[in-house]
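What follows is the residue order along each chain.
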Amino acid sequence: MQRYFIAPELLTETDVTIVGDDAHHIIRVMRGKAGDQVIVSNGLDREAVVRLREPEKDRVVADIVEWLPMLNEPAVEVWIAQSLPKGDKMELVIQKGTEIGADRFIPFQSERTVVQLDVKKEGKRVERWQKIAKEAAEQAHRNRVPAVEAPLSWKQLLERIGQADAAWICYEKQDGLQLKQRIQEALTKHRDSSVSRTAADGPTQAYTAEQRIKLLLIVGPEGGFTEQEVKAAEAAGAHSVSLGRRILRTETAAMVGLTCILYETGEMGG
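Keep in mind it's a predicted model, so treat the numbers as computed, not measured.

### Brief notes about the overall build of the protein chain
Looking only at helices and strands, the protein chain has seven helices and eleven strands in total. In terms of its C-alpha atoms, the protein chain occupies a principal-axis envelope of roughly 60 × 50 × 30 Å. Sequence separation of 24 or more characterises 73% of the internal contacts of the protein chain that already satisfy a separation of 6 or more. Of the roughly 13,700 Å² of accessible surface on the protein chain, a fraction of 48% belongs to carbon and sulfur atoms. When the 37 basic and 41 acidic side-chain charges of the protein chain are each reduced to a single mean position, those positions are 4 Å apart.

Printed below as a string of structure tokens:
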């Protein structure tokens, strides 16, 4: 069943109004007609199966058929801080990261970042990234659309590290603990809280935003991080980690790291 994310104020106790690109998709692409059913979500805390009324020219009104539980989000919030890569790789990170289960994307600039930001185009770029996240969330049947932030400077990113319960910076020269071990450390630290989900809990337990552990994964640019940057991140509270013996492309590292985190926290049977 097709899923759409709509503005919270458009979803009431009895019906929903679908407008904009989503209405166009229902009317022109899906050829929706009265009686068809779709899923709508406010992206926060409510979603439902709805039955379409007769579509109008530029909007669709639908009646609530059944409220659905919000069970498709991970028990942990994974923030992907991605140094801006070349070309359209950021779009790939956002699209696939959303499908896998990332909660937030934080683009940033580091010393070896090749991409130079154009302030005049930044707003449109973030808007496009957010649209990609929305479409990927709909395709993956997510309950929420991950947030895509405006690009940060390296200094601004360092200030964000303290907001996470655990933060890891991927570093190819790291010869100490691997990401798996750091994840286990973070889970052990929180195992007595209601945030941790074990395999016994199964996939049907929902968690509020306040209950979920916030985990920050920092991925560098094509040229990697400098030693000074890694030391600065560690001084701010992050731990440097390895993703294995092979050198991964920046967009691959983000997806591999995210998958490892969700596997180790039980989202994929880990």
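So much for the structure itself; the text now carries on.
### With respect to the pattern of salt bridges
Here the structure, examined in full by the defined rule, presents 18 salt bridges. Two residues, Lys-134 and Asp-22, come together in a salt bridge whose shortest N-O distance is 3.0 Å. With Lys-134 in helix 3 (residues 119-139) and Asp-22 in helix 1 (residues 20-29), the pair connects residues that are 112 residues apart, well separated along the chain. The class for Lys-134 is partly exposed, based on a relative accessible area of 22%. Across the pair Arg-104 and Glu-149 runs a salt bridge whose closest N-O atoms are separated by 3.0 Å. Residue Arg-104 is located in strand 7 (residues 104-108), and its partner Glu-149 is located in the loop between strand 8 (147-148) and helix 4 (154-160); the two are separated by 45 residues in the primary sequence. Judged by relative accessible area, which is 24%, Arg-104 ranks as partly exposed. What you see here is one network of salt bridges that share partners, running through Asp-15, Arg-53 and Asp-63.

### A closer look at the side chain of Thr-98
For Thr-98, the position within the fold is in helix 2 (residues 89-100). At a separation of 2.7 Å, a polar atom in the side chain of Thr-98 contacts the main-chain carbonyl oxygen of Ile-94. Sequence-distant contacts of Thr-98, that is, excluding residues within four places in its chain, are made with Val-93, Phe-105, Ala-133, Ala-136, Ala-137, Arg-142 and Pro-146.

### Some details on unusual backbone geometry
Unlike most non-glycine residues, Arg-31 shows phi in positive territory, near 55 degrees. Inspection of the secondary structure assignment puts Arg-31 in the loop between helix 1 and strand 3 (37-41). Classification of Arg-31 by relative accessible area gives exposed; the value is 60%. In this structure, His-141 is a non-glycine residue whose phi angle is positive, near 60 degrees.

### Structural notes on the confidence of the model for the protein chain
It should be kept in mind that the predicted coordinates are not to be read in detail where pLDDT is low. Residues at a pLDDT of 70 or more form 90% of the protein chain, whose mean pLDDT is 89. Of the regions scoring below 50 in pLDDT, residues 194-200 engages in 22 contacts with residues more than four places distant in sequence or in other chains. Across residues 202-207 the pLDDT falls below 50, and counting only partners more than four positions away or on other chains, this stretch makes 16 contacts in the model.

### Focus on the sheet that holds strand 2 (residues 15-19)
Taken together, the five strands give an open sheet; going across it, the order is 1-3-4-5-2, and neighbouring strands pair in mixed fashion. Each end of this open sheet is capped by a strand with a single partner; those strands are strand 1 (3-5) and strand 2. Averaged over neighbouring strand pairs, the angle between their axes works out to 40 degrees when direction is ignored. In this sheet, strand 4 (residues 47-52) lies alongside strand 3 in antiparallel orientation, the contact comprising five bridges. When the sheet's bridge partners are listed, Ser-41 is paired in strand 4 with Glu-47.

### Concerning the side chain of Thr-250
Within the element layout of this structure, Thr-250 appears in helix 7 (residues 250-264). Thr-250 gets classed as buried once you look at its relative accessible area, which sits at 6%. If we ignore the near neighbours within four places in the chain, the residues touching Thr-250 are Gln-82, Pro-85, Val-219, Gly-220, Pro-221 and Glu-222.

### Considering the sheet that holds strand 8
Judged by pairing direction, the sheet is parallel, and its six strands sit side by side in the order 8-7-6-10-9-11 without closing on themselves. Looking at the sheet topology across the chains shown, the edges are occupied by strand 8 and strand 11 (239-241). Pairing analysis gives seven bridges linking strand 6 (residues 76-83) to strand 10 (residues 213-219), with the strands arranged parallel. Its bridge partner being in strand 10, Val-76 is matched across the sheet by Ile-213. Contacts from helix 2 reach strand 6, strand 7 and strand 8, with the element oriented near 165 degrees to strand 7.

### A word on the packing of helix 5 (residues 179-189) against helix 7
Taken N-terminus to C-terminus, the directions of helix 5 and helix 7 make an angle of 40 degrees; their axes are 10 Å apart at the nearest point. The orientation of helix 5 with respect to helix 7, classified from their angle, is oblique. Here helix 5 runs over helix 7; the crossing is right-handed. For the pair helix 5 and helix 7, the contacting residues are Leu-179, Lys-180, Ile-183, Gln-184 and Leu-187 in the first and Gly-257, Cys-260, Ile-261 and Glu-264 in the second. By residue class, the composition of the contact of helix 5 with helix 7 is five nonpolar, two polar and two charged.

Calculation rules
Residues numbered from 1 in each chain as written. Predicted model: local features only at pLDDT ≥ 70, side-chain atom pairs only at ≥ 80, totals over all residues. Heavy atoms only, no water. Helix = DSSP H or I, 4+ residues; strand = E, 2+ residues; numbered from the N terminus. Contact = heavy atoms within 4.5 Å. Areas by Shrake-Rupley, 256 points an atom, 1.4 Å probe, with all protein chains shown as cover. Lys, Arg positive; Asp, Glu negative; His and termini not counted. Charge placed at Lys NZ, Arg CZ, Asp CG, Glu CD. Salt bridge = Lys/Arg side-chain N within 4 Å of Asp/Glu carboxyl O. Buried < 20%, exposed > 50% of the residue type's maximum accessible area, 1.4 Å probe, protein only. Polar contact = N/O pair within 3.5 Å; in protein donor to acceptor, adjacent residues only side chain to side chain. pLDDT = per-residue confidence, 0-100. Pairing = 2+ DSSP bridges. Axes fitted to C-alpha atoms, helices over the stretch in contact; angles between N-to-C directions. Parallel < 35°, antiparallel > 145°, perpendicular 65-115°, else oblique. Left-handed = near helix turned anticlockwise from the far one by under 90°. Nonpolar A, V, L, I, M, F, W, Y, C, P; charged D, E, K, R; others polar.

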